[in-house]
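Listed below are the residues making up each chain.
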Amino acid sequence: MSYQSTNKWVALYDFVIHIYKLAVIVENDTMNIYIFGNGNISFTDYKIHYEEILNRYLKKVNVSFIVCDFKGVDTLTMELLKCSSDQVSIYHISDKPRYLPDKFKTKVNSWKIFG
């Protein structure tokens, strides 16, 4: 399903009855991809419903990714992005993220951490 409105939401993709979600917002020529979903997703389901879609955007210019720090979709997405994108924002609710990938020889050093 796709929504367009004045609040800059360009598209919202619903996968398998609202379990798998990916939101794309375009602001100032930058595509912000918000990735969120199930904390108990299987690796196979992640690869089908998220990785295949996210891979389409990894090589594009002016794309940033926004992820939280919960288990499941969030941690699998961080692992996917750690060597592919330096344009990642991680949002967490504690003093520090519950999970963050290794920084050694990855792009995690340039990620923005909010919490």
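Residues numbered from 1 in each chain as written. Predicted model: local features only at pLDDT ≥ 70, side-chain atom pairs only at ≥ 80, totals over all residues. Heavy atoms only, no water.

Caption draft 1: Layout of the pattern of salt bridges. Using the criterion set out here, one finds three salt bridges in the structure. Notably, a salt bridge pairs Glu-51 with Lys-47, separated by 2.8 Å at the nearest N-O pair. Placement of both Glu-51 and Lys-47 in helix H1 (residues 43–54) is noted, with a separation of four residues, approximately one turn of the helix. Take Lys-47: its relative accessible area is 34%, and that puts it in the partly exposed class. (Salt bridge = Lys/Arg side-chain N within 4 Å of Asp/Glu carboxyl O. Helix = DSSP H or I, 4+ residues; strand = E, 2+ residues; numbered from the N terminus. Buried < 20%, exposed > 50% of the residue type's maximum accessible area, 1.4 Å probe, protein only.)

Caption draft 2: Structural view of the pairing of strand E3 (residues 30–37). The pairing of E3 with strand E4 (residues 63–68) spans four bridges and is classified as parallel. Across the sheet, Ile-33 pairs through a bridge with Phe-65, a residue of E4. For the crossover from E3 across H1 to E4, the handedness is right-handed. (Pairing = 2+ DSSP bridges. Right-handed = clockwise from strand over helix to strand, strands pointing away.)

Caption draft 3: Structural context of the packing of H1 against helix H2 (residues 73–81). Interaxial distance between H1 and H2 falls to 11 Å at its minimum, and their mutual angle equals 50 degrees. Our classification of the angle between H1 and H2 gives oblique. Here the hand of the crossing between H1 and H2 comes out right-handed. Where H1 abuts H2, its residues Phe-43, Tyr-46, Tyr-50, Glu-51 and Leu-54 lie against Val-73, Leu-76, Thr-77 and Leu-80. In terms of residue class, the contact of H1 with H2 is made up of seven nonpolar, one polar and one charged. (Axes fitted to C-alpha atoms, helices over the stretch in contact; angles between N-to-C directions. Parallel < 35°, antiparallel > 145°, perpendicular 65-115°, else oblique. Left-handed = near helix turned anticlockwise from the far one by under 90°. Contact = heavy atoms within 4.5 Å. Nonpolar A, V, L, I, M, F, W, Y, C, P; charged D, E, K, R; others polar.)

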